[in-house]
Amino acid sequence: MRVAITGAGGQLGRSLLAIFGDEETLALTKADLDIRSDQAAERLAALRPDLVIHTAAMTDVDECELHPDEAFEINSQGTQRVAQACQKIRAPLVYISTDYVFDGQRAEPYPEDYPPRPINVYGRSKLEGEKQIQDLLTQFYIVRSAWLYGPGNKNFVEKTLRRAEGQPEMHMVTTQVGSPTYTWDLAAGIRRLLAHNDYGIFHLTNSGYCSRYQWARKILELAGKSDYPLHPSTEYQRPAQPPLHAILANIKAAALGITLRPWEEALAAYFRERT
Ligand SMILES: NC(=O)c1ccc[n+]([C@@H]2O[C@H](COP(=O)([O-])OP(=O)(O)OC[C@H]3O[C@@H](n4cnc5c(N)ncnc54)[C@H](OP(=O)(O)O)[C@@H]3O)[C@@H](O)[C@H]2O)c1
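Note that this is a predicted model, so its numbers are computed, not measured.

**Points about unusual backbone geometry**
Consideration 1: Its identity is not glycine, yet Arg 48 carries a phi of approximately 55 degrees, on the positive side.
Consideration 2: Residue placement: Arg 48 occurs in the loop between helix H2 (40–46) and strand E3 (51–54).

Right, here's the structure in full:
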């Protein structure tokens, strides 16, 4: 099988390349396929993949809030171009979406069929990407995940460790709650999902949830820095307001026998495997 992976230089892209290493993979970085280009659909179709996994996105939530046109150009129109390529060559598409399509006001976890209501530009642009796919394709997997960390040094784990090195104390919010998800586990889950040919919307995260504060506390503990002065906070002053309690209920994948391990176990594995 010829598998094209957009955003191949990103965290999830790199994990997917490893997980699909025994297949013929087309690793498409932004330099190979810029999805803002009018020719992107044509160029992707010309590669004739049997399957496209579309991870490329503008993922900096605050940057999206500050530059909404760019966010929609990449996350919505860019996704439309990828879907047009899949439509032309009749290839199934896996699109990675996000917990940010929900408002985070629900006390219970969100099932896959709960009506989305994004509260910031990133969430709205990703939801628009979902709609582009649903309009154009029948063979699609929309996989919503959350709080990703994986290869590279831009993720929350690495940033927290760098901050702990560079500053004498740190504050972290207790009010934002989510499911930290290791990209390796997500990539493996996506591969298992594909074996079922069961299209639609899926939620896939490591199981369990925590606040940003609890996540940072666990990161410091695993790094041998349990004594570091980390303080709980309720203030969140950034350009984009995140959904505060957007827990994704992984109902449809679980029905197929696909569940991801608890987030604490996955984080410990990341610490063993990070280079
Ligand atoms: N990170 C999270 O917490 C999270 C949570 C839920 C869902 N998701 C979704 O999961 C997917 C993967 O996330 P991630 O954390 O792996 O993201 P990431 O590390 O930021 O990777 C995204 C990749 O997309 C590329 N890209 C950006 N603009 C592009 C363009 N115009 N054309 C082609 N490629 C472009 C980036 O390239 P450059 O680096 O060269 O710009 C980067 O390699 C995304 O779709 C994201 O929306 C992420």
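**Concerning the sheet that holds strand E10 (residues 200–203)**
Sheets are built from strands paired through backbone hydrogen bonds, the pairs being either parallel or antiparallel.
Consideration 1: With parallel pairing, 6 strands are arranged side by side in an open sheet as E2-E1-E3-E4-E5-E10. Of all strands in the sheet, those bounded by a partner on one side alone are strand E2 (24–28) and E10. Averaged over all adjacent pairs, the angle separating strand axes in this sheet is 20 degrees, with direction ignored.
Consideration 2: The strands touched by helix H5 (residues 121–136) within the sheet are strand E4 (93–98) and strand E5 (140–145), with E4 carrying the most contacts at an inclination of about 155 degrees.

**Some points on the environment of Asp 22**
Consideration 1: Along the chain, Asp 22 falls in the loop between helix H1 (11–19) and E2.
Consideration 2: Among the residues examined, Asp 22 registers 7 C-beta atoms within 10 Å and is labelled exposed.
Consideration 3: Between the C-alpha atom of Asp 22 and that of Pro 243, which follows or precedes it by 221 residues, the distance is 38 Å.

**Brief notes about the site of the ligand**
Consideration 1: Among the 26 residues in the neighbourhood of the ligand, the closest are listed as Gly 7, Gly 10, Gln 11, Ala 56 and Ala 57.
Consideration 2: Every element with two or more residues in the shell around the ligand is listed here: H1, helix H4 (68–89) and E4.
Consideration 3: In terms of residues, the shell around the ligand owes the most to one element, H1, which gives 3 residues.
Consideration 4: The residue inventory of the shell around the ligand, partitioned by class, reads 11 nonpolar, 11 polar and 4 charged.

**Comments concerning the nonpolar core**
Consideration 1: Counting 76 residues, the largest nonpolar core has Ile 5, Leu 16, Val 82, Leu 93 and Val 143 as the members making the most contacts within it.
Consideration 2: Per-element accounting of this core gives the leading share, 6 residues, to H4.
Consideration 3: Apart from the residues lying within four places of it in its own chain, the contact partners of Leu 16 are Ile 5, Ile 53, Thr 55 and Ala 187.

**Some thoughts on helix H7 (residues 183–194)**
Three or four residues apart is the spacing at which side chains of an α-helix point the same way, because the helix has 3.6 residues per turn.
Consideration 1: With 12 residues, H7 ought to run about 16 Å at 1.5 Å a step, and its terminal C-alpha atoms sit 16 Å apart, in line with that.
Consideration 2: Every buried residue of H7 is accounted for by Thr 183, Trp 184, Asp 185, Leu 186, Ala 187, Gly 189, Ile 190 and Leu 193.

**Digging into the packing of H1 against H7**
Consideration 1: Packing of H1 against H7 brings their axes to within 8 Å, and their N-to-C directions diverge by 55 degrees. Comparing their axes, H7 and H1 come out oblique. Between H1 and H7 lies a crossing of right-handed hand. Here H1 contributes Gln 11, Leu 12, Ser 15, Leu 16 and Ile 19 to the contact with H7, which in turn contributes Thr 183, Trp 184, Leu 186, Ala 187, Ala 188 and Arg 191.
Consideration 2: Grouping the amino acids of the contact of H1 with H7 by side-chain chemistry returns 7 nonpolar, 3 polar and 1 charged.

**Looking at the pairing of E5**
Consideration 1: Burial analysis of E5 places 6 of its 6 residues in the buried class, which makes it a mostly covered element.
Consideration 2: Every second residue of E5 is oriented toward a common face, with Phe 140, Ile 142 and Arg 144 on one face and Tyr 141, Val 143 and Ser 145 on the other, all of them buried.
Consideration 3: Across 6 bridges, the pairing between E4 and E5 is parallel. Looking at the pairing, Thr 98 lines up with Ser 145 of E5.
Consideration 4: Between E4 and its parallel partner E5, the chain crosses via H5, and the hand of that crossover is right-handed.
Consideration 5: Note that E5 and E10 share 4 bridges and pair parallel.

Conventions we followed
Residues numbered from 1 in each chain as written. Predicted model: local features only at pLDDT ≥ 70, side-chain atom pairs only at ≥ 80, totals over all residues. Helix = DSSP H or I, 4+ residues; strand = E, 2+ residues; numbered from the N terminus. Pairing = 2+ DSSP bridges. Axes fitted to C-alpha atoms, helices over the stretch in contact; angles between N-to-C directions. Contact = placed C-beta atoms within 7 Å. Buried ≥ 20, exposed ≤ 12 C-beta atoms within 10 Å, placed from the backbone. Near = placed C-beta within 6 Å. Nonpolar A, V, L, I, M, F, W, Y, C, P; charged D, E, K, R; others polar. Core = buried A, V, L, I, M, F, W, Y, C linked by C-beta atoms within 7 Å. Expected span 1.5 Å × (residues − 1). Parallel < 35°, antiparallel > 145°, perpendicular 65-115°, else oblique. Left-handed = near helix turned anticlockwise from the far one by under 90°. Right-handed = clockwise from strand over helix to strand, strands pointing away.

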